Amino acid sequence: MTRRLLVIGLGRFGSALAVSAQSEGMEVIGIDNEMGPIDAVKDELSHAVCLDATDIEALRGADARICDVAVVAMGESFESSVLCVHALKELGVKEIHARAHDATQAKI
């Protein structure tokens, strides 16, 4: 059974992770809120979607809930990362990893 990975935030880290996981045989859904990063990786991933990852209904529409693992790689806004993690938890995603810039953010 192919594992499904959701990568939210397709900057340098997120896109490298997504492309690497896809090349290792995972099904990867990449999400970003801008088309530039989506266009850069869309041919290398199973799916690439432009949407607001803090919006639970948008994540539901992108089938986030069927992913085995989610990585929140958004770096610009800690608040957006927290809201995204909350939405993923509400959808029932079992394993979520999120970037943190310091120990306090990691605790939260």
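Cut-offs applied
- Sequence order as written defines residue numbering, which begins from 1 separately in each chain.
- Side-chain atom pairs in this predicted model are given and counted only at pLDDT of 80 or more, local residue features only at pLDDT of at least 70, and totals for whole chains, interfaces and linings cover all residues.
- Hydrogens are left out, water is left out, and the side-chain values use all remaining heavy atoms of the structure.
- Note on classification: 1.4 Å probe, protein chains only; a residue is buried when its accessible area is under 20% of the maximum for its type, exposed when over 50%, partly exposed between these limits.
- Strands here are runs of E lasting at least two residues and helices are runs of H or I lasting at least four, both read from the DSSP assignment and numbered beginning at the N terminus.
- Two strands are said to pair when DSSP picks up at least two bridges between them.
- When the strands point away from the viewer and the connection leading from the first strand across the helix to the second strand turns clockwise, the crossover is called right-handed.
- Nonpolar cores are built from buried Ala, Val, Leu, Ile, Met, Phe, Trp, Tyr and Cys residues. Side-chain atoms within 4.5 Å join them into one set.
- By definition in these notes, contact holds between two residues if any of their heavy atoms fall within 4.5 Å.
- Should a side-chain nitrogen of Lys or Arg be within 4 Å of a carboxyl oxygen of Asp or Glu, the pair is scored as a salt bridge.

A word on the pairing of strand β4 (residues 69-72)
- Burial along β4 is two-sided: the residues Val69 and Val71 and Ala70 and Val72 are all buried.
- Where strand β1 (residues 4-8) and β4 come together, four bridges link them in parallel fashion. Bridge pairing links isoleucine 8 to valine 72 in β4.
- Once you follow β4 into helix α4 (residues 78-91) and on to strand β5 (residues 95-98), the crossover reads as right-handed.

A word on the nonpolar core
- Membership of the largest hydrophobic core comes to 19 residues, with the highest contact counts inside it found for Leu6, Ile8, Ile31, Ala53, Leu59, Cys84 and Leu88.
- Listed by contribution, the elements that provide at least two residues to this core are β1, β2 (27-32), β4 and α4.
- When residues in this core are grouped by element, the largest group, five residues, is from α4.
- Sequence-distant contacts of leucine 59, that is, excluding residues within four places in its chain, are made with Ile8, Ile31, Leu51, Ala53, Ala64, Ala87, Leu88 and Leu91.
- Core analysis: the second largest hydrophobic core is formed by 12 residues, Ala18, Ala21, Val41 and Ala73 among them.

Concerning the pattern of salt bridges
- Across all of its chains, the model carries three salt bridges by this definition.
- Between arginine 4 and glutamate 27 there is a salt bridge, with the nearest N and O atoms lying 3.4 Å from each other. A residue pair is termed long-range when its members are at least 10 positions apart, and arginine 4 in strand β1 and glutamate 27 in strand β2 qualify at 23 residues.
- Of the residues examined, arginine 4 reaches a relative accessible area of 27% and is grouped as partly exposed.
- Between glutamate 57 and arginine 60 there is a salt bridge, and its shortest N-O distance comes to 3.2 Å. Taken as a pair, glutamate 57 and arginine 60 lie in helix α3 (residues 56-61) at a separation of three residues, close to a single helical turn.

In short, the description is geometric, and any link to function would need to be established separately.
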